[in-house]
Amino acid sequence: MNQRLTSNKNSYDVELLLAKDHIYSQGKILSSMNTEADPLALQVFQQNVQRNLGDPALFPGTVLIERDCINFVGKLFSLPESGIGVILSGGSEANITALWAIRNKIKSERKTTNFQILAPESVHVSVDKAADLLNIDLVKIPVTDKYQINLKILQDSITDNTVAVVGVAGTTSLGTIDPLKELNDICLTHNLLLHIDAAFGGFVIPFLTDSDNYSLSFTLPALSSMTVDLHKMGRIPINGGVLLWRDRSYPDAIKFVLPYLAGKPEQYTMSGTRSGAAAIAFSVLWNKYGYSWFKENALQCVENTKFLAQELKERGFFIPIKPVINILGVIPPASSLTTEELHASLWEKNWTTSIVNGFLRLVIMPSTTKNHLKSFLKVIDTLV
Ligand code: 0PR
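All figures in this text were calculated on a predicted structure; none of them were measured in a lab.

## Thoughts on the pairing of strand E4 (residues 162–168)
In terms of burial, E4 is a largely internal element, 7 of the 7 residues being buried. Bridging between strand E2 (residues 116–120) and E4 involves 3 bridges; their strand directions are parallel. What sits directly across from Leu-118, in E4, is Val-165. Bridge analysis of E4 against strand E5 (residues 193–197) gives 5 bridges, and the strand direction is parallel. Within E5, the residue paired with Ala-164 across the bridge is Leu-193.

## Considerations on the environment of Leu-360
Position of Leu-360 among the secondary structure elements: in strand E12 (residues 359–363). Take Leu-360: there are 23 C-beta atoms within 10 Å of it, and that puts it in the buried class. Between the C-alpha atoms of Leu-360 and Ile-70, which are 290 residues apart in sequence, the distance is 35 Å. Look past the residues within four positions of Leu-360 in its chain and what remains in contact with it is Val-330, Thr-339, Leu-342, His-343, Thr-353 and Ile-355.

## Re the sheet that holds strand E3 (residues 137–141)
An order of E1-E7-E6-E5-E4-E2-E3 is seen for the 7 strands of this open sheet, with the pairing classed as mixed. Taken across any chain shown, the strands that pair with only one partner, and hence form the sheet edges, are strand E1 (84–88) and E3. Averaged over all neighbouring strand pairs, the angle between strand axes comes to 20 degrees, with direction disregarded. Relative to E3, helix H5 (residues 125–134) is tilted by about 150 degrees, and along the sheet it contacts E2, E3 and E4.

## Quick notes on the sheet that holds E12
Read across the open sheet, the 3 strands follow the order E10-E12-E11; overall the sheet is antiparallel. Each edge of the sheet is formed by a strand with only one pairing partner; in this case those strands are strand E10 (327–330) and strand E11 (354–356). Between one strand axis and the next, the sheet turns by 40 degrees as a mean value, whatever way the strands run. This element, helix H10 (residues 339–348), spans E11 and E12 of the sheet and lies at about 40 degrees to E12.

## Observations concerning the nonpolar core
Counting residues in hydrophobic clusters, the biggest one holds 112 residues, and the most contacted among them are Ile-117, Leu-194, Val-242 and Ala-281. Counting residues per element, this core draws most heavily on helix H9 (residues 277–314), at 16 residues. Summarising the domain contributions, this core has at least three residues from each of domain 1 (14–37 + 291–383) and domain 2 (41–285). Beyond its immediate chain neighbours, meaning those up to four positions away, Leu-194 contacts Ala-164, Val-165, Gly-167, Leu-183, Asn-184, Cys-187, Leu-220, Ala-222, Leu-223 and Ser-224.

Parameters at a glance
- Residues numbered from 1 in each chain as written.
- Predicted model: local features only at pLDDT ≥ 70, side-chain atom pairs only at ≥ 80, totals over all residues.
- Buried ≥ 20, exposed ≤ 12 C-beta atoms within 10 Å, placed from the backbone.
- Helix = DSSP H or I, 4+ residues; strand = E, 2+ residues; numbered from the N terminus.
- Pairing = 2+ DSSP bridges.
- Contact = placed C-beta atoms within 7 Å.
- Axes fitted to C-alpha atoms, helices over the stretch in contact; angles between N-to-C directions.
- Core = buried A, V, L, I, M, F, W, Y, C linked by C-beta atoms within 7 Å.
- Domains from an automatic or database assignment.

Structure (structure tokens):
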């Protein structure tokens, strides 16, 4: 949180302050899951920033566009006819809202007030926020050496209070995918609900040649809800994400009516006022470019990630987990800089990286091309 304005009021210069920011289009941001928006999406977004999904009587057209977006995204994951979804601010709001709906639904159906949810240690911090806000007992399950949830420990951790499991399809740290089919089977056996966080992986995993192996789909009967972001690999500007639900019973559990507004709208999100621009930008992208464009976008990033992994491996880097999607974790050769030193040196040269679990994490988004990666490797060669 900003404590106070850092600039002198008399010389307040927005341009000067903004010049401090990093820019996606330079291709040097390897620490972020956001990226340069597609130019068409950016233009459409900018033209529609005043449209509010929170007031359907004023913006009925935008509401219909939101419904189309849910259909496009839902189709990618075999959302059933009964399925429903909302566009909200992003992955955090989607995860919190999904767990809110699960908690309330279970509360009314099972008359319990004990809610325990199991999630892998690799789960995004938004699930910790949800547990804190919703008074849910969140139990973190260790991950295996493949950085996936440990199924044995998961099973041993189920208690009478357990109501749901969260699985991750594209972890924030290494992009790994939990064994979703197995999670589904465990949930069915123990009468638990399954929420999948595919905030990042949602626009990558369905396009992989071996995507069927990951079962990221509502064909899993235990699956209640799924988070998929549009402002990550969905190529729209920040912010916008999707939450998909198997059926109405989930949003109905968190429904609030605004009786003073025309049409007495129902809301199923934490935010009241909601950006319509995200829906409009995404629908224009999808209608104009379609499935194949998103597939190409994702596969190019995955190919670039594999290229970088191979090049770094040849330079003696240790790659603990072969990248599945476009996130790579590496450890520099023992004889050279430490991970922390390399990270710091790269930031000094404006190449932004992160450190996760002792790895240097590199996220290869569409704004980083193969040519950018070749320049990155030249910098690596001067440092390592
Ligand atoms: N779930 C997963 C698996 C995520 O990786 C993230 C975001 C979220 C949920 C939450 O999404 P929102 O940020 O849309 O609420 N993971 C990134 C992270 O925490 C978010 C991010 C994006 C951070 C861009 C920095 C940045 O420059 O690293």
